[in-house]
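Chain by chain, the residues:
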Amino acid sequence: MSLNQAFSMMFSSGEQRSAENVSLFNDFSSFFIGDSKAKTSSLNYKSSLKLSAVFNAVEQISNDIAKIPFFVYKVVENGSERYKAHPVDWLLSTEPNPFMTSFIWKKVTGISLLLRGNSLSKIETNYKGDITELTFIDWDDVIDIKKVDGELLYYVRGYNKPLLSSEVLHFKNFTHNGFVGVGVITYAAQQMNLAIEVQQFSITNFENKGVRNGVIETDKTLNGNPDKPNEATPKQKIKSAWSSAMAEKSPDRIVVLDDGLKFKAINITPQEAQIIEMSRFTVEDIARWFNIAPHKIKSLQQSTNNNIEQQSLDHVSDTMQPYVTNLEQEFSKKLFSDVERKSFFIKGNMNVLLRADMKTRSESLSRQVLTGIITRNEARRFEDYNPGPIMLDEYLTPVNTFTESQIKDNLKDKGNG
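Reading the values: rules and limits
- For every chain, the first residue of its written sequence is number 1, and the numbers climb from 1 along that sequence.
- pLDDT decides what is reported in this predicted model: residues at 70 or higher carry local features, side-chain atom pairs at 80 or more are listed and counted, and totals for whole chains, interfaces and linings draw on all residues regardless.
- Hydrogens and water molecules were not included; the side-chain quantities draw on all heavy atoms of the structure.
- A residue's pLDDT is simply how confident the predictor is in it, with values from 0 to 100.
- Strands here mean DSSP runs of E at least two residues long; helices mean DSSP runs of H or I at least four residues long; both are numbered from the N terminus.
- Two residues qualify as a contact provided that any one of their heavy atoms is within 4.5 Å of a heavy atom in the partner residue.
- Working definition of a nonpolar core: buried Ala, Val, Leu, Ile, Met, Phe, Trp, Tyr and Cys residues. They are joined through side-chain atoms within 4.5 Å.
- Note on exposure labels: buried denotes an accessible area under 20% of the residue type's maximum, exposed denotes more than 50%, and partly exposed covers the range between, all computed with a 1.4 Å probe on protein chains only.
- We define a salt bridge as a side-chain nitrogen of Lys or Arg found within 4 Å of a carboxyl oxygen belonging to Asp or Glu.
- Two strands are counted as paired when DSSP detects at least two bridges linking them.
- Helix axes use the C-alpha atoms of the stretch in contact, all axes being lines fitted to C-alpha atoms, and the angles between their N-to-C directions lie in the range 0 to 180 degrees.
- In this scheme, a helix's expected span is set at 1.5 Å multiplied by one less than its residue total.

Summarising the model, the protein shows a mean pLDDT of 77, and 65% of its residues fall at 70 or more. Here helix 2 (residues 29–33) stands out as the element of the protein with the lowest mean pLDDT, 44, in contrast to strand 8 (residues 168–172), whose mean of 96 is the highest. Within the model, the stretch residues 10–19 combines pLDDT values under 50 with 11 contacts to residues more than four positions away or in other chains. Predicted confidence for residues 29–41 stays below pLDDT 50, and this span has 18 contacts to residues more than four positions away or in other chains.

The next point concerns the nonpolar core. Judged by nonpolar contacts, the single largest core of 43 residues is most densely connected at Leu-92, Leu-134, Phe-290, Phe-331, Leu-335 and Ile-346. Setting aside chain neighbours within four positions, we find Ile-346 in contact with Phe-70, Phe-71, Val-72, Val-88, Leu-92, Glu-328, Phe-331, Ser-332, Leu-335 and Phe-336. Counting residues in hydrophobic clusters, the runner-up holds 13 residues, among them Leu-24, Leu-120, Leu-152 and Leu-163.

Summed over the entire model, instances satisfying the criterion amount to nine salt bridges. With a closest N to O distance of 3.3 Å, Arg-157 and Asp-141 form a salt bridge. Of the two residues, Arg-157 sits in the loop between strand 6 (151–156) and strand 7 (163–164) while Asp-141 sits in the loop between strand 4 (131–137) and strand 5 (142–148), which places them 16 residues apart along the sequence. Judged by its relative accessible area of 48%, Arg-157 is partly exposed.

Attention now goes to the sheet that holds strand 11 (residues 344–348). In space, the three strands of this open sheet follow the order 2-1-11, with antiparallel pairing throughout. Both outer strands of the open sheet, strand 2 (79–82) and strand 11, are each paired with one neighbouring strand and no more. Looking at each pair of strands side by side, their axes are set apart by 45° on average, direction ignored. One ladder, built from four bridges, connects strand 1 (residues 70–76) with strand 2; its direction is antiparallel. Bridging from a neighbouring strand, Val-75 pairs with Ser-80 of strand 2.

Quick look at unusual backbone geometry now. Even without a glycine there, the phi angle at Asp-149 is positive, about 50°. Note on placement: Asp-149 falls in the loop between strand 5 and strand 6. Owing to a relative accessible area of 40%, Asp-149 belongs among the partly exposed residues under this scheme. Positioned with a positive phi, Asn-291 is a non-glycine residue whose angle comes to about 55°. Here Asn-291 is to be found in the loop between helix 9 (278–289) and helix 10 (308–334).

Turning our eyes to something else, we now look at helix 3 (residues 52–67). The end-to-end C-alpha distance of helix 3, which contains 16 residues, comes to 22 Å, matching closely the 22 Å that a straight helix rising 1.5 Å per residue would cover. Turning to helix 3, its buried residues number three or more, namely Ala-53, Val-54, Asn-56, Ala-57, Val-58, Gln-60, Ile-61, Ser-62, Asp-64, Ile-65 and Ala-66.

The next thing to look at is helix 5 (residues 102–116). With 15 residues, helix 5 ought to run about 21 Å at 1.5 Å a step, and its terminal C-alpha atoms sit 21 Å apart, in line with that. Extensive coverage of helix 5 is indicated by the burial of 11 of its 15 residues. Within helix 5 the residues assigned to the buried category are Ser-102, Trp-105, Lys-106, Lys-107, Thr-109, Gly-110, Ser-112, Leu-113, Leu-114, Leu-115 and Arg-116. Note on helix 5: the residue one or two positions beyond its end, Gly-117, has a positive phi of about 80°.

And the structure:
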């Protein structure tokens, strides 16, 4: 089906549409397009950032996504090599569009992916069909996504025609149908909403200096004047004066009770007394929702000097690797032609996340060089040093290690063959 046929079918009023022509937002349309059902909860992806653990989890993961360099590689006889001449390499590694650096574009892509479950960018091309820009699209501007006769169409605010799937980079997080992702906030809303209420309770309790609800007691009867029904009663005056004094923001709030009046606070319940303690468990829960190690969002209760390094490795393999693979595959699928995909692909360099302390890194590189895994010049490039002499391109082999063929040759030389 041609593009023109798809457009004419969509915009024709009398023509019966395909059975496929339905929204792919499914049961989550209220979350995505602002239906009234979504307003029953006070929590959304923006208000969730009021929680420091949520903000830090999103900040950490999006920063790691942004730090990873993505390059174009070309398949060669003995493996693959970076191909800087391809225009896509420049877009991904340096400047995806005139308004964003590569770091910022990848960061906003990661933030949208984490909070909304989706991230969309328009692939801009010139008259020759060459890709010139990658323009980030706010997910709030996505009105709907429909599948029409096998073609995926994106209805985006600001575009007079729907965008084809081949015209956008659509990264999806957790997804039920493979077409639209679901944000963490959608499922975690109830728990995060409770966490925000706990946080607000703590703030209110602090502002009130621990003075909460209570009653003012007296042995006297405080009735109003029956001859002046419109005049405030003594009870109303006392209540008004107390509320006015306690509403002041001054740290020196003073209330004077005379004539035998006594204030008796309604004591905090044991359940309320433990509410502040809940915040520690909330951090752990948020870490689970975002699949990030607690120490990455500054919760060190379960961390020691012995296990932090292992947790950092787990962060790379369990938290970051799925995001990187997600981006790599969408890049390779959408940014190359059918012919180019046979010889070009895009790969993210995860090594930037594995750079530990100098001692650990040096020991690792030394072992790889001495065992012939990498050359000394490759090790220099990993440390951002300029290449050394040509001799450093040679692989080293331990003197006490021989291949089977070398052993046979040595035996022959000694006349034992």
